[in-house]
Amino acid sequence: MTSAADFPAPVSPPASAAVRVPAGPPGPGPAPAALPSGGGLAIGPYPVVPPVVLAPMAGITNAPFRTLCREFSGGKGLFVSEMITTRALVERNDKTMQLIRFDASETPRSLQLYGVDPATVGKAVRMIADEGLADHIDLNFGCPVPKVTRKGGGSALPYKRHLLRAILREAVTGAGDLPVTMKMRKGIDDDHITYLDAGRIAVEEGVTAIALHGRTAAQHYGGTADWDAIARLKDHVPEIPVLGNGDIWSAADALRMVRETGCDGVVVGRGCLGRPWLFADLVAAFEGTGEPAAPSLERVAAVMVRHATLLGEWLGDEARGVIDFRKHVAWYLKGFAVGSEMRKRLAISSSLAELSEGLAELDLAQGWPLGADGPRGRTSGNNRVVLPDGWLKDPYDCAGVSEEAELDTSGG
């Protein structure tokens, strides 16, 4: 159950600007109906109980955000890094080497890789295994953004069945004892659905588990996720765990997805933007330990300051940390009565003191807003998927795909 004790005290801004965390936990509510035993998911040798995974999100799921989510969960669940480009990793790009740094408390260390060229993916995976850079490798075949799909990567790639197989084979072979998983979408669009073929290829090539986002690349994050597709994939590949992703905005949504689809676990992405305590709610729901209690704005403000502080420590510069935190402000304040001018002011803060001073001026006694558990993040749909020339002519021909298609930078 989320309690006051789960929410951090702020850093020490000027005394007049302190954001105080109230003492004492909220009273427990009735226990939700938990799933039997909280699930039984394992990724290779690593049990994931309850079966809850933080989705990789570019520019979001760096070490500080993973730390927050993991603290709220009590260390339970699996927390995956943001997308790491295989070419940039092999070339030891400075930004990429920063992104693959894990906190000492992270176990297992889960790293998501993006790549298009099988040889480059293989080099990256062998580098991770040989140098002990991670304990689990996840492969990205779900990203729908144009800079990725125009290279044939992300959610565009599974359409090329032979290319998908070649990448998976290189990854699984190069990983040795490290488990390799993959995250994908239903397909490019409704006329080019790939997830069942991709799931079967994954099983044949030794992938440990599959996560399916129940949307096509064309849908981006619009419309409603197709949970029936998750159920169909689970029936299609009973040999390995299938995790469901899409439209999990609350702990109740996660339980409902597991019940309705039979999936082995859930992957939570946009639902935790500005809400890292969602992982406390998820643990409570799966374990049936109590009704999650929503935080007041005072508690939310304390988390905001801690998040910005962690970013500054990770980047080695307070100002850079606060600047990086700016994109999170609107998510944390979603639904609260905060004027537009104050929102703008908070979103251009350049120091922890400035951020704390602004937060201290808010009506911190506000309770959690009605409807703030709902959708967050970009929701545009019906996008034209940008693909390489001639990509859809043949679902098997991989001519023209080479290391030149690899992106040279990681993250958001």
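What you see is a predicted model; the values in this text were computed from it and never measured.

Enquirer: Describe the sheet that holds strand β10 (residues 209-213), with residues and values.
Expert: Taking strand neighbours around the barrel as the criterion, the eight strands line up as β3-β4-β5-β6-β7-β10-β11-β12 in a closed arrangement whose pairing is parallel. Geometrically, the sheet is characterised by an average inter-axis angle of 25° between neighbouring strands, direction not taken into account. Sitting on the sheet, helix α7 (residues 195-204) is in contact with β7 (180-185) and β10, with an inclination near 175° to β7.

Enquirer: Residue-level account of the confidence of the model for the protein, with values.
Expert: Mean pLDDT for the protein: 89, with 86% of residues reaching 70 or above. Throughout residues 10-39 the model reports pLDDT below 50, and contacts reaching past four residues in sequence, or to other chains, amount to 73 contacts.

Enquirer: Outline empty space enclosed by the protein, listing residues and values.
Expert: Evaluated as defined, the whole model comprises three cavities of 30 Å³ or more. Roughly 130 Å³ of internal volume is contained in the largest cavity. Lining of the largest cavity is provided by 17 residues; of these, V53, D138, T181, A211 and V267 occupy positions nearest its centre. Looking at the lining of the largest cavity, the elements with two or more residues in it are β3 (52-54), β4 (78-85), β6 (136-141), β7 and β10. Looking at the lining of the largest cavity residue by residue, the class counts come to 13 nonpolar, two polar and two charged.

Enquirer: So what's going on with the pairing of strand β12 (residues 265-268)? Which residues, and what values?
Expert: Neither face of β12 is exposed, since G265 and V267 on one face and V266 and V268 on the opposite face are all buried. When β3 meets β12, the two strands line up parallel, connected through three bridges. Looking at β12, one finds that V53 is bridged to V267. Here three bridges tie strand β11 (residues 242-245) to β12, and the two strands are oriented parallel to one another. Along β12, the bridge assignment pairs N245 with V267. This β-α-β element, β11 to helix α9 (residues 251-261) to β12, shows right-handed connectivity.

Enquirer: Which residues make up helix α11 (residues 297-315), and what are the values?
Expert: For α11, which comprises 19 residues, the first-to-last C-alpha distance of 27 Å matches the rise-based estimate of 27 Å (1.5 Å per residue) to within 8%. Most of α11 is tucked away, with 17 of its 19 residues classed as buried. Looking one or two places after α11, you find G316, whose phi comes out positive at around 75°.

The rules behind the values
Residues numbered from 1 in each chain as written. Predicted model: local features only at pLDDT ≥ 70, side-chain atom pairs only at ≥ 80, totals over all residues. Heavy atoms only, no water. Pairing = 2+ DSSP bridges. Helix = DSSP H or I, 4+ residues; strand = E, 2+ residues; numbered from the N terminus. Axes fitted to C-alpha atoms, helices over the stretch in contact; angles between N-to-C directions. Contact = heavy atoms within 4.5 Å. pLDDT = per-residue confidence, 0-100. 1 Å grid on protein atoms, 1.4 Å probe; cavity = no way out; pocket = protein on both sides within 12 Å on 5 of 7 lines; lining within 4 Å. Points joined across faces, edges and corners; volume = space filled by probe spheres on them. Nonpolar A, V, L, I, M, F, W, Y, C, P; charged D, E, K, R; others polar. Buried < 20%, exposed > 50% of the residue type's maximum accessible area, 1.4 Å probe, protein only. Right-handed = clockwise from strand over helix to strand, strands pointing away. Expected span 1.5 Å × (residues − 1).

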